[in-house]
Amino acid sequence: MMLLTLLMPALIAAPALPDDWDGLRSALVAMGDLNGDRVPDLALAHRPRPFLMGNGPGAKWPAVDQEPVVWLISGTDGALLRTLRGPGRFGTQMACIGDIDGDGAQDLAIADGLSTDRLVPRGTVTLVSGGTGWELAQLSAPKDVLAFGCALAGGVQLTGDETPDFVISAYGGAFVFDGAELQAVWVCEPEAGCGLARRPATDGALVATLSRSGGVPVYAGMNVGVIADLDRDGLAELALSTFADPACGEAGSPMDHAQRGGRTRVRPSAGQRAVFTVESSAWCTASGEDLDGDGVPDFVTTEVNEHTRAWSGATGMRLWERSYDGGYLLAEGASLSFTSDHDGDCVRDLLVGANETFFDADYGFVAILSGRSGKGIKAKWSSDGYGGGADAASVGDVDGDGLEEIAVWEPVPQRLRLLRAGDLEPMWSVDVATLARPK
């Protein structure tokens, strides 16, 4: 009790980064159809979390499983498709990166490493074939770059060929990789005045300065996203979130764990439109839907425990906000994706997960928000006590009612469930303790 008494005031005064204090993003990723049954399947990273014990250099830090595992699981019935094993902290970050090996199945990028201020490994990213489970490549951090793989994004075209590309962020910026060559082609890093520079990755001096501690906040690259083509050049745009930077006129400190005062900088790929910023140090980004009916796709961001905000892709202006500020910290907005149109307004709605799992972890929940207005449509809370939060991903229409079902990962009870979209009742449930581990 004394430990909780001493730490709770600090927790209330300065909300932590989402998903405990460890910088991990959603453990659940929708992968597209991997087994040919026309229903998207799932990738699940196993990450039990021990408590943080004590403060200072000797504190034990939350970590992933002793034997980190990623499972590929059928969206239809929860059956295990493949078990993946990788190095170190395999599974700390994951992203579906599209079909880069040309076998008709979506592939997966899996990072090895954490992204906190106390633990900043150089990191590796493993690319895995969704069709075969084979390793396609292992990408290592360039020299002097820290926290390589602290966020991942992909599955879109960024370089202009036929193979989808992907992005790997690090402390200080992000690397754009050509999916065909599996080589970094661009380095993107914030500039003073809210700019976002793009330079060839072949310039070794520029790569070496990506994680510098001066000039730009070391936390630039906290998250990276790819958003729908805004300038109609056939290429997706890059969004890089940054913590507060006084040179950009932003309030707050670069070390502010609550994300307040930061920005997300969007760089259109064609360069015909200037870099623009939105008032959100985005933990999650979702895009591709025209929310305001102007013919240009818009995008949505979350700041965990703070808000979900929608932005005009045409102007960068805020369309709506759903605020969590002032509420009890549940890690609202820790996962985000578009899903089916639940309210019948001809605009796809949003799936939001809340996955607080630290100390007195409360019931986790998933919620459906209106894509047009941000208004809450429906929600599902853990019903059996200490739920420990929930990551969520939108899966295909399994029951034929026209709505995409919702996969929910609850890390404390170690349970993966598929919820029927209509009433949010379970269609199947998997006890992760029963899933096979690599030998």
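Conventions used here
- Within any chain, residue numbers begin from 1 and follow the written order of that chain's sequence.
- Where local features are concerned, this predicted model is filtered to residues with pLDDT of at least 70; where side-chain atom pairs are given and counted, the filter is 80 or more; whole-chain, interface and lining totals use all residues.
- Hydrogens and water molecules were not included; the side-chain quantities draw on all heavy atoms of the structure.
- Any two strands are treated as partners once DSSP identifies two or more bridges connecting them.
- We count a stretch as a helix when DSSP gives it H or I for four or more residues in a row; a strand needs E for two or more, and each element gets its number in order from the N terminus.
- In this description, a line fitted to the C-alpha atoms serves as the axis of each element, helices being fitted only across the stretch in contact, and the angle between N-to-C directions of two axes falls anywhere from 0 to 180 degrees.
- As used here, the term nonpolar core means buried Ala, Val, Leu, Ile, Met, Phe, Trp, Tyr and Cys residues forming a set that is joined through side-chain atoms within 4.5 Å.
- Only protein chains enter the accessibility calculation, which uses a 1.4 Å probe; a residue is then buried when its area is under 20% of its type maximum, exposed when over 50%, and partly exposed in between.
- Contact between two residues is taken to exist if any of their heavy atoms lie within 4.5 Å; hydrogens are not considered.
- What pLDDT expresses is the predictor's confidence in each residue, scored from 0 to 100.
- Between N or O atoms, a polar contact is any pair within 3.5 Å; within protein, one atom must be a potential hydrogen donor and the other a potential acceptor, and residues adjacent in sequence are included only when both atoms are from side chains.

Caption draft 1: A look at the sheet that holds strand β11 (residues 173-178). Here five strands make up an open sheet; going across it, the order is β9-β10-β11-β12-β13 and the pairing antiparallel. At either end of the open sheet lies a strand with only one pairing partner, and these are β9 (151-156) and β13 (195-200). Mean inter-strand twist for the sheet, computed between neighbouring axes without regard to direction, equals 20°. Bridge count for strand β10 (residues 165-170) against β11 is five bridges, and the pairing is antiparallel. The residue bridging A170 from the neighbouring strand is G173, located in β11.

Caption draft 2: Here's a closer look at the nonpolar core. Ranked by size, the top nonpolar core spans 33 residues in total, and within it L44, V70, L108 and L416 carry the most contacts. Counting residues per element, this core draws most heavily on strand β3 (residues 69-73), at five residues. Setting aside anything within four residues of it in sequence, one finds L416 in contact with L28, L42, L44, I73, V408, W409, W428, S429, V430 and V432.

Caption draft 3: Main features of the confidence of the model for the chain. Per-residue pLDDT for the chain averages 80, and the proportion of residues at 70 or more is 75%. Predicted confidence for residues 115-119 stays below pLDDT 50, and this span has 20 contacts to residues more than four positions away or in other chains. For residues 254-258, every residue scores under 50 in pLDDT, and the model assigns this stretch 16 contacts once sequence neighbours within four places are set aside.

Caption draft 4: Region of the structure containing the sheet that holds strand β23 (residues 350-354). Strand order in the open sheet formed by four strands is β22-β23-β24-β25, with antiparallel pairing between adjacent strands. Each edge of the open sheet carries a strand with a single partner, namely β22 (332-338) and β25 (376-381). Adjacent strand axes in the sheet meet at a mean angle of 20° when their direction is disregarded. Inspection of the sheet shows β22 paired to β23 by five bridges, in the antiparallel sense. Looking across to β23, one finds that S335 is bridged to G353.

Caption draft 5: How the structure looks around the pairing of strand β4 (residues 80-85). Summarising the sheet, β3 and β4 pair through five bridges and their orientation is antiparallel. Paired with I73 across the bridge in β4 is L80. Count of turn residues in the β3/β4 antiparallel hairpin: six residues, of which G78 carries a positive phi of about 80°.

Caption draft 6: Representation of the side chain of S335. Relative to the elements of secondary structure, S335 occurs in strand β22. At 3.3 Å, the side chain of S335 forms a polar contact with the backbone nitrogen of A392. Apart from residues no more than four positions distant in its own chain, S335 is found in contact with S26, C284, L351, V352, G353, A390, D391 and A392.

Caption draft 7: Here's a closer look at the environment of I168. By the element assignment, I168 lies in strand β10. Of the residues examined, I168 reaches a relative accessible area of 1% and is grouped as buried. For the pair I168 and A184, spaced 16 residues apart in the sequence, the C-alpha separation amounts to 9.2 Å. What I168 contacts, discounting residues up to four positions off in sequence, is V125, L139, F148, G149, A151, L152, A174, F175 and F177.

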